[in-house]
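Reading the structure
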Amino acid sequence: MSTTPFKKTASLIALILSLTACNSPAAISGTLAGLEKENTKIYLIQPDDLQHVAASYLGKVIDSAIVNADGSFEFQNIPNTKEPVLLELAVQPTGKAGNYLQTDDPIQANYMPVVWQFGEPLQIVAKFDEFQKSFTIENHSDLNSALLAVRDIKAEAYQTFLADKQWNVEDGDELMAKEHALLQYKSALMEFADSTPYLLPALVALRWVSPENDYERVPEFLVNQCTKWKENEANHPWVKQLCKKGESTNLPVLIGDKFPDIQLPLLSKDTVHIKDVLGKKLTIIDLWASWCAPCRLENRKVLVPLYNEYHEQGLQIVAYALESDEAAWKAAATRDGADRWLQSSDLKGDDAPFLKKIRVRTIPANFILDSNGVVIAKNLHGKELMGLVEKSF
């Protein structure tokens, strides 16, 4: 029986495809240098939710590979999707679970996010003990190029503002210095997220801003990111999660919002509505406590001089104290000279109703309002706060 030309052609094509498959590289493979022991494993992790990105123990391990003696490895279980998907590769110190991610120090970080896209094999080279820092991808896509770029931005910002820094947080000045350094570090990542045209790298930057998933100090960033990505990526599940977290009911009062007109019980036993005591030019809503060292320093070094200089010109200060002991509150206000402006508290300590209404958990904090009660700035302290007030008068 003769073989038809069609059958011959089909057999040839099948043979070529078989040979090509045997010789083609794995979808995700690479080389790992500086192994700490034999039979080291490298893990492939898939975050199912936005909050799982760059978070220890939350991502799902979808594959693992033994690193060969020459450092080579490859993964077999790759997501079967045509849409770009964010994955994380991680190597583990002895005794750690596969989805443990070291998030504190970029130099020691044991994982790296990558974007997997069907038809674009990833060939990776990295060092075991500096995995994230040394991580490279051959012939990387624009998406992975952006991830490598934000990795470098994070590392540089960490080195500039946080590396080898030690703060005595019992000292009020040093605690505020630490807060300022953290904000500068986060600002570099936020600037990247605001400027990049790529969703997944932006969301990695967003998670690196706060692996703890706490954006109380930078809520406007969440709102801006939601606004940016819901225009073109509204159906992406992570954008929906981002926008849910960025709803105003979940965030502190934002810059540009009118501050709520809340009735406050004063140290003098009177009550006032905020709208009735606004300054003619500026009002500082100051959140403090007698036990808060940086708050006490702010009273003496910043607020007292500002009040003395500008109160008659239209500056008002309304303080709310997280207190449960009225005597301690009154003594601290008197000692600091803070009793000259309006002092209020519900005397319920950390369960303060006022803070719940404005959705703030952390002090020291403040809101700077214009003459109409609109928030024009937040959480400015020391020289920054003094500079803003001085420019306004």
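We now turn to the structure provided with this report. (Residues numbered from 1 in each chain as written. Predicted model: local features only at pLDDT ≥ 70, side-chain atom pairs only at ≥ 80, totals over all residues. Heavy atoms only, no water.)

To continue, consider the nonpolar core. With 71 residues, the main nonpolar core has Ile 28, Ile 42, Phe 73, Phe 75, Leu 89, Phe 131 and Phe 135 as its most contacted residues. Broken down by element, the residue count for this core peaks at nine residues, all from helix H5 (residues 199-209). With residues up to four places along the chain from it excluded, the contact list for Ile 28 reads Leu 44, Glu 74, Phe 75, Ile 78, Leu 87, Leu 89, Trp 116, Leu 122 and Ile 124. Among the nonpolar cores identified, the runner-up in size contains 50 residues, and Leu 264, Cys 292, Phe 367 and Leu 385 belong to it. (Core = buried A, V, L, I, M, F, W, Y, C linked by side-chain atoms within 4.5 Å. Buried < 20%, exposed > 50% of the residue type's maximum accessible area, 1.4 Å probe, protein only. Helix = DSSP H or I, 4+ residues; strand = E, 2+ residues; numbered from the N terminus. Contact = heavy atoms within 4.5 Å.)

Before going further, it helps to examine unusual backbone geometry. Across the junction of Ile 363 and Pro 364, the peptide omega takes the value 0°, indicating a cis bond. Relative to the assigned elements, Pro 364 resides in the loop between helix H10 (353-358) and strand S14 (365-369). Its identity is not glycine, yet Arg 359 carries a phi of approximately 60°, on the positive side. Using a relative accessible area of 29% as the deciding quantity, one classes Arg 359 as partly exposed. A positive phi angle, close to 50°, is found at Asn 379, a residue other than glycine. Summarising the element assignment, Asn 379 is placed in the loop between strand S15 (375-378) and helix H11 (382-392).

Another point: the state of the cysteines. Applying the stated criterion to the full structure yields two disulfides. The side chain of Cys 226 participates in a disulfide bridge whose partner is Cys 243; the two sulfur atoms lie 2.1 Å from each other. Torsion about the S-S bond of the Cys 226 and Cys 243 cystine: about 110°, corresponding to right-handed handedness. Of this pair, Cys 226 sits in helix H6 (residues 219-229) while Cys 243 sits in helix H7 (residues 237-245); the two residues are 17 residues apart in sequence, bridging distant segments of the chain. Take Cys 226 and Cys 243: they sit in the same class, and that class is buried. (Disulfide = S-S within 2.5 Å.)

Judged by how many residues are buried, S14 sits mostly within the fold: five of five residues are covered. Of the two faces of S14, the one carrying Ala 365, Phe 367 and Leu 369 and the one carrying Asn 366 and Ile 368 are both buried. The pairing of strand S11 (residues 282-288) with S14 spans five bridges and is antiparallel. Following the sheet pairing, Asp 286 is matched in S14 by Asn 366. With three bridges joining them, S14 and S15 adopt antiparallel strand pairing. By the bridge assignment for S15, Ile 368 is matched with Ala 377. Counting the residues between successive antiparallel strands, the hairpin from S14 to S15 contains five residues, one of them, Gly 373, with a positive phi of roughly 85°. (Pairing = 2+ DSSP bridges.)

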